[in-house]
Every structure is written in C-alpha cells, then in structure tokens.
Amino acid sequence: IFLQTGSFDIATRYGWQETAKTRAAKIIELAQSYPWPLEGESENMSKYGQAARVARHVRDVARKIGDQTHEQEFASKAELYAAHVPDQKAKL
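An account of the accompanying structure is given in this report. (Residues numbered from 1 in each chain as written. Predicted model: local features only at pLDDT ≥ 70, side-chain atom pairs only at ≥ 80, totals over all residues. Heavy atoms only, no water.)

When helices and strands are counted, the protein shows five helices and zero strands. Secondary structure of the protein in N-to-C order comes out as α-α-α-α-α. Relative to the 2.2 N^0.38 estimate, which gives 12 Å for 92 residues, the radius of gyration of the protein is 13 Å and therefore close to what a compact globule would have. The C-alpha extent of the protein, read off along each of the three principal axes, is 40 × 25 × 25 Å. In the protein, buried positions account for 35% of the 92 residues. Within the protein, contacts between residues separated by at least 24 positions form 54% of all contacts whose residues are at least 6 apart in sequence. When the accessible surface of the protein is split by element, carbon and sulfur atoms take 53% of a total near 5,600 Å². (Helix = DSSP H or I, 4+ residues; strand = E, 2+ residues; numbered from the N terminus. Rg over C-alpha atoms; globule rule 2.2 N^0.38 Å. Buried < 20%, exposed > 50% of the residue type's maximum accessible area, 1.4 Å probe, protein only. Contact = heavy atoms within 4.5 Å. Areas by Shrake-Rupley, 256 points an atom, 1.4 Å probe, with all protein chains shown as cover.)

This is the structure:
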C-alpha cells in the first residue's frame, strides 16, 4: 500500500490523472483486503501502529480524489488504531 501511495503521489504531481485514478482504485482495493487487527489485540501494539499508518495513507488518497465515503471510513480507522499507540495520535 505504501509503494502504491507513492506511485499515486507521483502520478498526481505530474498530472497523469488516469494513472492516478487507477492507482487510487488499486490502493482502496488493497486496503479493503488489508488484515486489520481486531480491537482487543492490544498485546501487539505494532499491529495498531501499522494499521494507523495504512489507514492514514488510504484516507489521504481518498481525500485527494474526492472520495468522501472512503475518506471517512479510513479516517475513523486511523483514529481507532492511533488511540492505542501514543506516537500515532499526533500524526492524525
């Protein structure tokens, strides 16, 4: 997902709208199948930190393409997971 978001940012920067749109669709598709940790698996905080980072990246992509539904979905996931990891709260 992180590599795809970098590719999306490059396509956006150079004005390659169709490529950016394709990349965004792939990112959202990947995020739908991401192994999101369950709310109670707090014994492994790294899972929450990674999930918060993934959700923030997908949220930002959705925001840039104007997809409010996915933006809200991944913003709430970012908040949910960041709440369990102190250094992630500041990055929201």
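Turning next to a nonpolar patch on the surface. Nonpolar side chains collect at one region of the surface, where Ile 10, Tyr 14 and Trp 16 lie side by side and expose about 350 Å² of accessible area between them. Relative to the assigned elements, Ile 10 resides in helix α1 (residues 2-13). (Patch = residues over 30% accessible without salt bridge, like charges linked within 9 Å, V, L, I, M, F, W, Y side chains within 5 Å. Salt bridge = Lys/Arg side-chain N within 4 Å of Asp/Glu carboxyl O.)

This next bit is on the packing of aromatic side chains. Per the counting criterion, the structure on display carries five aromatic pairs. Ring centres 5.9 Å apart and planes at 5 degrees place the aromatic pair Trp 36 and Tyr 81 in the stacked group. With Trp 36 in the loop between α2 (17-32) and α3 (45-65) and Tyr 81 in helix α4 (residues 68-82), the pair connects residues that are 45 residues apart, well separated along the chain. Of the residues examined, Tyr 81 reaches a relative accessible area of 4% and is grouped as buried. (Phe/Tyr/Trp six-rings, centres within 6.5 Å; stacked < 30°, edge-to-face > 60°.)

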